[in-house]
Amino acid sequence: MKKEKKNLNTILKMNKSTKIIKEELSYINEQALFADGFDEALVGIDQSDYVAVYDADKCIDILMQTSGMNQVDAAEYFDFNILGSYMGEYTPRFIKIYE
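Not measured: the values here are computed from a predicted model. (Residues numbered from 1 in each chain as written. Predicted model: local features only at pLDDT ≥ 70, side-chain atom pairs only at ≥ 80, totals over all residues. Heavy atoms only, no water.)

Draft legend 1. Spotlight on the pattern of salt bridges. As enumerated under the stated definition, the model contains 4 salt bridges in all. With a closest N to O distance of 3.5 Å, R93 and D46 form a salt bridge. One end of the pair, R93, is in strand β3 (residues 93–95); the other, D46, is in the loop between β1 (42–45) and β2 (52–55), and 47 residues separate them in sequence. Since its relative accessible area comes to 28%, R93 is described here as partly exposed. (Salt bridge = Lys/Arg side-chain N within 4 Å of Asp/Glu carboxyl O. Helix = DSSP H or I, 4+ residues; strand = E, 2+ residues; numbered from the N terminus. Buried < 20%, exposed > 50% of the residue type's maximum accessible area, 1.4 Å probe, protein only.)

Draft legend 2. The arrangement of the environment of D57 in detail. One can find D57 in helix α2 (residues 56–67). On the basis of relative accessibility, which here comes to 31%, the residue D57 falls in the partly exposed class. Engagement of the side chain of D57 in a polar contact is seen with the side chain of K96, the distance being 2.8 Å. (Polar contact = N/O pair within 3.5 Å; in protein donor to acceptor, adjacent residues only side chain to side chain.)

Draft legend 3. Helix α3 (residues 71–83), seen in detail. Its 13 residues give α3 an end-to-end C-alpha distance of only 16 Å, which falls more than 12% under 18 Å, the value for a rise of 1.5 Å per residue. Within the span of α3, buried status applies to A74, F78 and I82. Where the residues of α3 are buried, they touch α2 and β3. In this structure N70 caps α3, since a side-chain oxygen of it lies 3.1 Å from the backbone nitrogen of V72. (Expected span 1.5 Å × (residues − 1). Contact = heavy atoms within 4.5 Å.)

See the structure below:
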C-alpha cells in the first residue's frame, strides 16, 4: 500500500511540476514548443533561449512504455525523429542528466 501511495505522489508531483513549467514558459515565451507525449520528461526551462527542456533518457523510457519498443529501437527513434528534428528557434532542448 505504501509503495502505491508513493507512486501516486510521484505522479501527482510530476504532473504539478509539468503544469508549472508549461504555464511559466508559456507566459515568458508564447511561441515556445513542447514535445507531444513527453510531459513526464519535462524538467525545466532553458534560461537563455526560454525553451522547454526535457530529460532525454526519460523520453526514451516513455517511448519504450508507450510503443513497446526495446531500448535500442527507442533510442534510435528518439535520436532520428525527436532529437534530430528542428522546428525553429523555439525547438525544445533535450539533455542527459547524470545522477
